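# Notes for the structure review
Below are the chains, spelled out letter by letter.
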Amino acid sequence: MAIRKIRTMGDKILTKKCRQVEEVTPRIRQLVEDMLDTMYDACGVGLAAPQVGILKRIVVIDVGEGPLVLINPVITQTSGEQTGEEGCLSLPGKSGVVTRPNLVTVKAWNENMEEITVTGEGLLARAICHECDHLEGIMYVEHVEGEIHDVEYDSEEE
Ligand code: NI
């Protein structure tokens with residue numbers, strides 16, 4: 001188990017676009033394991049590689065249904081709309097209201113380089129959008145409607 005340091009807003013790495021993963025090597029698998037450990041340790045529901053300082057297109061998500069690993073994710077379909085609170089492990093203790101699609105389909109590799117297609121609704125759809133944004137160097141604060149505010153109790157952070 002290895003916990004990596006989570007970069008916080010203000011760190012330039014969070015504004016950079018990530019590179020495609022060409023092959024899932026043992027090193028990439030280790031990174032994925034560490035990202036999961038880091039996400040669970042921080043009680044988050046999602047984490048993207050740039051948040052641990054790696055500019056690769058990898059995200060991990062767990063909205064309570066078990067770990068989901070998405071390598072080179074591409075959102076292929078979205079529908080509907082949801083408006084709600086969103087947070088980020090790179091901006092601890094804060095949240096803001098963001099509107100996202102309510103249904104999202106994403107195509108990616110899993111950690112075994114197998115192509116997978118996942119359709120998520122509600123929180124999972126939100127997490128997929130949020131994490132894919134990180135790969136483009138975009139933080140959720142760019143989408144926030146109104147003010148970023150302090151979280152008063154433990155909520156999910158991505
Ligand atoms: Ni985030």
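Structure: see above.
Each value, and the rule that gives it
Residues numbered from 1 in each chain as written. Predicted model: local features only at pLDDT ≥ 70, side-chain atom pairs only at ≥ 80, totals over all residues. Heavy atoms only, no water. Pairing = 2+ DSSP bridges. Helix = DSSP H or I, 4+ residues; strand = E, 2+ residues; numbered from the N terminus. Axes fitted to C-alpha atoms, helices over the stretch in contact; angles between N-to-C directions. Contact = heavy atoms within 4.5 Å.

## Quick look at the sheet that holds strand β5 (residues 94-100)
Strand-to-strand pairing in sheets goes through backbone hydrogen bonds, with the strands running parallel or antiparallel. Strand order in this open sheet of three strands is β4-β5-β8, and the pairing throughout is antiparallel. One side of each edge strand has no neighbouring strand; the edge strands of this open sheet are β4 (82-86) and β8 (145-150). Averaged over all adjacent pairs, the angle separating strand axes in this sheet is 25°, with direction ignored. With three bridges connecting them, β5 and β8 associate as antiparallel partners.

## Looking at the sheet that holds strand β1 (residues 46-48)
Overall, antiparallel pairing links the five strands, which are arranged β1-β2-β3-β6-β7 in an open sheet. The open sheet has two edge strands, β1 and β7 (115-121), and neither has a second partner. Taken pair by pair, the neighbouring strands of this sheet meet at an average axis angle of 35°, ignoring direction. Bridging between β1 and strand β2 (residues 58-61) involves three bridges; their strand directions are antiparallel. Along β2, the bridge assignment pairs Gly46 with Ile61. Along the sheet face, helix α2 (residues 123-135) touches β1, β2, β3 (68-79), β6 (103-109) and β7 and points at about 155° away from the line of β2.

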